[in-house]
2 protein chains.
Amino acid sequence: MANITKKVSWSSRADESGAAGEGTPLLNGSEQPRHSRQVQLAWWLTVRLTAVTPEEARRCCVILDYDNIENQLFLEEERKMSYMGFRCLEISRWVVCGLIGFLTGLIACFIDIVVEQLAGIKYQVVKENIEKFTEVGGLSISLLLWAVLNSAIVMLGAIIVAFFEPIAAGSGIPQIKCYLNGIKIPRVVRLKEGPMIHSGAVVAAGVSQGRSTSLKRDFKIFEYFRRDTEKRDFVSAGAAAGVSAAFGAPVGGVLFSLEEGASFWNQMLTWRIFFASMISTFTLNFFLSIYHNKPGELSNPGLINFGRFQGDSVAYNLYEIPLFIAMGAIGGLLGALFNVLNYWLTIFRIRYVHRPCLQVMEAMLVAAVTATVSFTMIYFSNDCQPLGPEHTEEYPLQLFCADGEYNSMATAFFNTPERSIIHDVLCGILLATITPDGSIWADPGKYALIGAAAQLGGIVRMTLSLTVIMVEATGNVTYGLPIMLVLMTAKIVGDYFVEGLYDIHIKLQSVPFLHWEAPATSHWLTAREVMSSPVTCLNRIEKVGTIVDTLSNTSTNHNGFPVVVKPPKLCGLILRSQLIVLLKHKVFVELARSRLTQRKLQLKDFRDAYPRFPPIQSIHVSQDERECMMDLTEFMNATPYTVPQETSLPRVFKLFRALGLRHLVVVDDENRVVGLVTRKDLARYHLGKHGLEELQLAQT
Amino acid sequence: MANITKKVSWSSRADESGAAGEGTPLLNGSEQPRHSRQVQLAWWLTVRLTAVTPEEARRCCVILDYDNIENQLFLEEERKMSYMGFRCLEISRWVVCGLIGFLTGLIACFIDIVVEQLAGIKYQVVKENIEKFTEVGGLSISLLLWAVLNSAIVMLGAIIVAFFEPIAAGSGIPQIKCYLNGIKIPRVVRLKEGPMIHSGAVVAAGVSQGRSTSLKRDFKIFEYFRRDTEKRDFVSAGAAAGVSAAFGAPVGGVLFSLEEGASFWNQMLTWRIFFASMISTFTLNFFLSIYHNKPGELSNPGLINFGRFQGDSVAYNLYEIPLFIAMGAIGGLLGALFNVLNYWLTIFRIRYVHRPCLQVMEAMLVAAVTATVSFTMIYFSNDCQPLGPEHTEEYPLQLFCADGEYNSMATAFFNTPERSIIHDVLCGILLATITPDGSIWADPGKYALIGAAAQLGGIVRMTLSLTVIMVEATGNVTYGLPIMLVLMTAKIVGDYFVEGLYDIHIKLQSVPFLHWEAPATSHWLTAREVMSSPVTCLNRIEKVGTIVDTLSNTSTNHNGFPVVVKPPKLCGLILRSQLIVLLKHKVFVELARSRLTQRKLQLKDFRDAYPRFPPIQSIHVSQDERECMMDLTEFMNATPYTVPQETSLPRVFKLFRALGLRHLVVVDDENRVVGLVTRKDLARYHLGKHGLEELQLAQT
């Protein structure tokens, strides 16, 4: 299904026999020419990793709060907890990570098996049809059948995605990147299909909360983890597990999570994430080994691999280094070009292809075009290969070839990605630039690998994690150094022209994404200039009516409110979500006096409402109740982080980024509130071609 | 020499014959039994990584400040800098990292070649001697000669270390770990010999500052980098480059730096560190390939490797997993035992072996004992191997064997570590537990590798980086999963009994090391309880006499002073080092008026003094000058981070750890200073067997 997702998403590159798009590992020991397999796999990888769609719902993201709300309730709970309690929590974190890894591995395994089965069915149907019609010259009917089969599956997937869950379109990587950065795009981690990275994150969000909104089940476990801080940690683990299952790269998975969310990193968390990755690869390999009737053989890599490179003692030579670097530069150039085209296409699609039915038609059009192109290619190709006695090709098609031979081009289109040999179709760019004289190189597969790295690096620009993923996927570290060189060159060259693909899409979604550091030339700015001011403050004991009016004010729509005492001094910070829970439970001073027996509001009530707090409109407050008072003392965070007005932007930025803040109160030298810095205030400054620029950002 | 290092180190860890002890890669293509080589190499690795000595000077560490001092001078400089200026800075950071990698690689190469040459010389001398005396029955003279040779080199090294640079003893890893955490042990990054990780860090500290105190040269470049923040980043890169050169593991090197210093991590920095690692491996391989007359063959790994594992398609099976886990558990147990013994031995040596001459004698004693043991083993061993036509052994010794055979035991002692075959000597524990019936296993080398992982993991407890280092050193990712499993098991089991070796030694040095998180049960504590109070504050315009007296007060010896204005409100924070520079340059209000032409104090003056600021005693202030006033406005950090008194310890801790702070001002709700939290205040809380405990820490 992910496959379909892919087709729907951007320019399509569609084909694909069906489910998932993550293929099967090379268990059948096929002896296909290695380099072509690698080249086409690289291409396919590019497709998979770069499939991104614009968000329709892009103007309604939610900022996550990675700063614990340390109010009295929280501190009381933490203080009540014994050392053993903390040990148990720690153990349950490990258990949850194990579960995440296990389920992600299972999903990967399921996808893999379904893809293989669907491909098999398609092959059978088409093959029988071909055998029936070839003699009577009706081959075009077979090919039409094939095109219809493809289109039907595409349509099914496209309809599901376009009408039911638009967020499932694309690779999900930009969304997960945003999530780890601290911006939640609604429904991003709810149950649905998607590629492995996304799947892992979805599993993590579900399992760690001990409940599922989509399935409407609450298992009453892991309630402690129902807050942004903990949830984010588990989502990191899920994303890592997904990468791990997709590429058989547990370390690469950890590094992927690290590159995207590293500012709140710590060692124990790293290990838990590593554990999830490990379990995920293990689960996948274990079940696949059973499926392939070789139970217990665990040395298989993940779903995708570049084939095994057996280590030659001299894998590459000094004179090849400049060649690698040149390939990296070309990859960077092509990647930048790809990104620019992708950007234009995305803009076009945002403008003109925004209705679900249009999107389905678009996907089907692409499928039809693909089928026609395939048809043409097969028709004009006369790449007939002898059908060897080992039957290394699982789906040989004779088509226009002589008896005892098979048409390698047709075969390629029936194989799941890593099985097929599309060497002269897809890899024009790569091989043309790489192996003008393939024979003089010991191993053209090496160049294919390097070419793949250059291309991917030029597009996505993740150097460290991509290196490790590729090294783990090839199963040999010998190529580590050249891959690194190539990825770095590609990044440097590509960055000169345009940002990485994910960054482009993040910017298109205009979410307040915080980069690693404040723009270099932003020392001119101080907190006073960037903060939002004036700020709506609440008194520690505030009238209910005032609170309701403040929350209902759609023109400001703030999410955090400084709490003050007279003379106006900052004494705390309270969130919209907390106020809503308080209003819902009618925690009013007057009522508390009259109903002494009523149980005190507990942290549990906040956790139950997390993360989908009701809107203020859904809460009914009577006219009498509006006159009541609310005491916020117990519920506000009594020690919010503050900065003076003169603090420079880089300093504010560092505090925000390092602590994962959502609100930062700006105070004067008498501790009076003068402003509030939010993530949006920081994210809008951007280093453009002409110095510091301000961006338009989505409403948070 | 590495060989000698090894023998002297572990039981004593005193020695350090000098340079480094990283051996040579397996370039000669020897076909020695693989498993034994791996086992002995693992043993040797353990010895190398775990060689740590107590610091004599352990009560005088310096805390680094990873928070930029954002005073007016700094902001002015930053604001003056154009966008191009920042680009240039960024480029010079890359250049410095490249240089660090290059020099570290060169050092590794130099060490490798010297070790090989020395081993060759030793072999020649002893062999000639043996040939001369064997016939006349004077073999004991040869062996005596050999023992004397060994002892002499050990003595030379021991004298250099013990008398001239005690900090060079040990592996340097705990020191670098401390440095990355934010504690500088004096002289730790000054020019001297040491193992590769340490060497890399030393190179980085030198190169990045554009000058060397040891060499008394200032190249007047990279002056911008003369502050703790930048220097630490480069030291991270150096440590990574060192690991990279030692093990041929660039990614492992990055992860090592990451595991130790990750709280101030960012993506650009990661890439620079990665670049340094890459260049380091590349340089090493390039020069070694020239030395070995195979120029341009770059696929060799680092100095140390476990031999190449050619990927079998079935590398391991499900039923082996429990076995791996059991090995991990045993490794954890043995590691814990080793650590406890090491702890006692260290305590013993701190008490009784603290004078340099005693240390030299200790080292020589160990060398003598080693020689005697070797002698005995060679004498009683009759492991004679036929001298094959390929002459795979570089240093065959006939000794008590028949003609055409060589004594493998004696040969082992003449080889540099990775060359020798000490299988029945050193690997008792490992092989006994692993291959009771070696013949049934396809590859006993696999078990040796897993055993090595278990042993190392049990001792040092670095899971993620160690996994990657071992995977990169074996050149095959197939064993990634089992290595991970084993390391995690070893860590869990080992942690149950005792901390990791480096943590033990860090604790022995009683430095204020901050762990990843505050102790779990520390929510009881607030800033009010942990802070130092009362705090010595300075006025914004302060009398010189007061400042001198404050700095000279040895009973408090503070390093940071809150600056206040009347009515007492916090308006900044100034450091001892800054005040000293101000006093030295006599930046007094009265003098500025009289000498209008005098140039204004610039950031450069602070950088020139960095990092070895003179003590207050060395600055002469006359009685008249004591009556002058100093205006701190320009020099103090006007926006120090503050917290209210009620802030919980975990919150304070997070702020400290995430931002790398040295001082945190505690204020009341009117912005008056009530206390100061330093690193020591936080580091002294520790989770012991009976809940929260307070530690005794070194004076900072």
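Each chain has its residues counted from 1, running along the sequence as written. Lettering for chains starts from A, numbering for ligands starts from 1, and both go in the order in which the items are written. Local features are withheld for residues below a pLDDT of 70 in this predicted model, meaning they are given only at 70 or higher, and side-chain atom pairs are given and counted only at 80 or more; totals for whole chains, interfaces and linings count all residues. Remark: hydrogens and water are excluded; side-chain values derive from all non-hydrogen atoms of the structure.

- If you look chain A up in an unreviewed UniProt entry, it shows as Chloride channel protein from Lates calcarifer.
- UniProt positions are given in the numbering used here, feature names are shortened, and annotations may be inferred rather than shown by experiment. For chain A, the Sequence similarities (unreviewed entry) comment in UniProt is given as "Belongs to the chloride channel (TC 2.A.49) family."
- You can read under Subcellular location (unreviewed entry) in the UniProt record for chain A the words "Membrane".

**Here's the deal with the overall build of chain A**
Okay, so step 1: When you go through chain A residue by residue, the secondary structure sums to 27 helices and 16 strands.
Okay, so step 2: A burial count over chain A gives 63% of its 700 residues as buried.
Okay, so step 3: Residue exposure ignores everything except the shown protein chains as possible cover, and the areas themselves are Shrake-Rupley values with a 1.4 Å probe. Summed over all atoms, the accessible surface of chain A reaches about 26000 Å², with 62% contributed by carbon and sulfur. Working definition: helices are DSSP H or I runs of at least four residues, strands are E runs of at least two. Numbering for both runs from the N terminus. Burial status follows relative accessibility: with a 1.4 Å probe on protein chains alone, a residue under 20% of its type maximum counts as buried, one over 50% as exposed, and anything between as partly exposed.

**Concerning the UniProt feature "transmembrane region" (unreviewed entry) in chain A**
All names here are of chain A.
Okay, so step 1: UniProt records the feature "transmembrane region" (unreviewed entry) at residues 91-115, 136-164, 234-257, 269-291, 321-345 and 357-380, using the numbering of this structure.
Okay, so step 2: Secondary structure content for residues 269-291 is 100% helix and 0% strand, and the end C-alpha separation is 33 Å.
Okay, so step 3: Between the C-alpha atoms that bound residues 321-345 the distance is 35 Å, and the span itself is 100% helix and 0% strand.

**Section: the packing of aromatic side chains**
Okay, so step 1: Planes of paired rings set the category: under 30 degrees apart is stacked, over 60 is edge-to-face and the rest tilted, where pairs are Phe, Tyr or Trp rings (Trp by its six-membered ring) whose centres lie within 6.5 Å. Counting across every chain of the model gives 14 aromatic pairs over all chains.
Okay, so step 2: Aromatic pair F282 of chain B and F286 of chain B: ring centres 6.3 Å apart, planes at 5°, arrangement stacked. Taken together, the residues span about one helical turn, with F282 of chain B and F286 of chain B both in helix α10 (residues 267-291) at a distance of four residues.
Okay, so step 3: According to the relative accessible area criterion, F286 of chain B is partly exposed, its value standing at 22%.
Okay, so step 4: Taken together through their ring pairs, the aromatic side chains of F102, F282, F286 and F287 of chain A make up a single cluster.

**Describing the pairing of strand β9 (residues 560-565) of chain B**
Within a regular strand, the side chains alternate between the two sheet faces.
All names here are of chain B.
Okay, so step 1: Where burial is concerned, most of β9 is hidden: five out of the six residues are buried.
Okay, so step 2: Sheet topology note: the strand β7 (residues 538-539)/β9 ladder contains two bridges and is parallel. Considered in β9, the bridge of L538 is made with V563.
Okay, so step 3: When DSSP finds two or more bridges between two strands, those strands count as paired. Looking at chain direction, β9 and strand β10 (residues 569-575) are connected through six bridges and run antiparallel. Directly across from V563, in β10, lies its bridge partner G572.
Okay, so step 4: Hairpin geometry of β9 and β10 is characterised by an intervening segment of three residues between the two adjacent antiparallel strands.

**Focus on the sheet that holds β10 of chain B**
Okay, so step 1: With mixed pairing, the three strands of this open sheet are ordered in space as β7-β9-β10 (chain B). Strands at the two margins of the open sheet, each flanked by one partner only, are β7 and β10 of chain B.

**A short note on the sheet that holds strand β12 (residues 642-644) of chain A**
Residues and elements named next belong to chain A.
Okay, so step 1: One open sheet accounts for three strands, arranged β12-β13-β14; its pairing is mixed. Each edge of the open sheet carries a strand with a single partner, namely β12 and β14 (673-678). Pairwise comparison of adjacent strand axes, ignoring direction, gives a mean angle of 35° for this sheet.
Okay, so step 2: Strand direction decides the pairing type here: β12 and strand β13 (residues 663-667), joined by three bridges, are parallel. By the bridge assignment, T642 is partnered in β13 with V665.
Okay, so step 3: Lying over the sheet, helix α26 (residues 649-659) contacts β12, β13 and β14, oriented at roughly 145° with respect to β13. Axis definition: a line fitted to C-alpha atoms, over the contacting stretch in the case of helices. Angles run 0 to 180 degrees between N-to-C directions. Whether two residues are in contact is decided by their heavy atoms: any pair within 4.5 Å suffices.

**Considerations on the nonpolar core**
Okay, so step 1: Ranked by size, the top nonpolar core spans 161 residues in total, and within it L255 and I483 of chain A together with L255 and I483 of chain B carry the most contacts.
Okay, so step 2: Filtering out sequence-adjacent residues up to four positions away, L255 of chain B remains in contact with V251 and L255 of chain A together with L464, S465 and V468 of chain B.
Okay, so step 3: Among buried residues, those of type Ala, Val, Leu, Ile, Met, Phe, Trp, Tyr and Cys that are joined through side-chain atoms within 4.5 Å constitute a nonpolar core. Counting residues in hydrophobic clusters, the runner-up holds 44 residues, among them V530 and L659 of chain A together with L649 and F656 of chain B.

**Observations regarding the environment of I113 of chain B**
All names here are of chain B.
Okay, so step 1: Among the secondary structure elements, I113 is positioned in helix α4 (residues 83-133).
Okay, so step 2: For the pair I113 and H292, spaced 179 residues apart in sequence, the C-alpha to C-alpha distance is 9.9 Å.
Okay, so step 3: The residues touching I113, leaving out its near neighbours within four places in the chain, are L288 and Y291.

**Quick notes on the packing of helix α21 (residues 544-552) of chain A against helix α22 (residues 576-584) of chain A**
All names here are of chain A.
Okay, so step 1: Two elements in contact, α21 and α22, have axes whose closest approach is 11 Å; the angle formed by their N-to-C orientations is 135°. Considering their axes alone, α21 and α22 lie oblique with respect to each other. In terms of crossing hand, the pair formed by α21 and α22 is left-handed. Contacts from V544, I547, V548 and L551 of α21 reach α22 at R576, L579, I580 and L583.
Okay, so step 2: All amino acids are sorted into three groups, where Ala, Val, Leu, Ile, Met, Phe, Trp, Tyr, Cys and Pro are nonpolar, Asp, Glu, Lys and Arg are charged, and the leftover types, Gly among them, are polar. Class assignment of the residues belonging to the contact of α21 with α22 gives a composition of seven nonpolar, no polar and one charged. The cut-offs work like this: below 35 degrees is roughly parallel, past 145 is roughly antiparallel, 65 to 115 is roughly perpendicular, and the gaps in between are oblique. Less than a right angle of anticlockwise turn of the near helix away from the far helix marks a crossing as left-handed, whereas a clockwise turn marks it as right-handed.

**Section: the side chain of E625 of chain B**
All names here are of chain B.
Okay, so step 1: Relative to the assigned elements, E625 resides in helix α25 (residues 623-626).
Okay, so step 2: Definition of a polar contact: a pair of N or O atoms within 3.5 Å, with one able to donate and the other able to accept a hydrogen when the atoms are protein atoms, and with sequence-neighbouring residues admitted only if both atoms are side-chain atoms. At 3.4 Å, the side chain of E625 forms a polar contact with the side chain of K586.
Okay, so step 3: Side-chain polar atoms of E625 contact the backbone nitrogen of S622, separated by 3.0 Å.
Okay, so step 4: Look past the residues within four positions of E625 in its chain and what remains in contact with it is V544, K586, F588 and H620.

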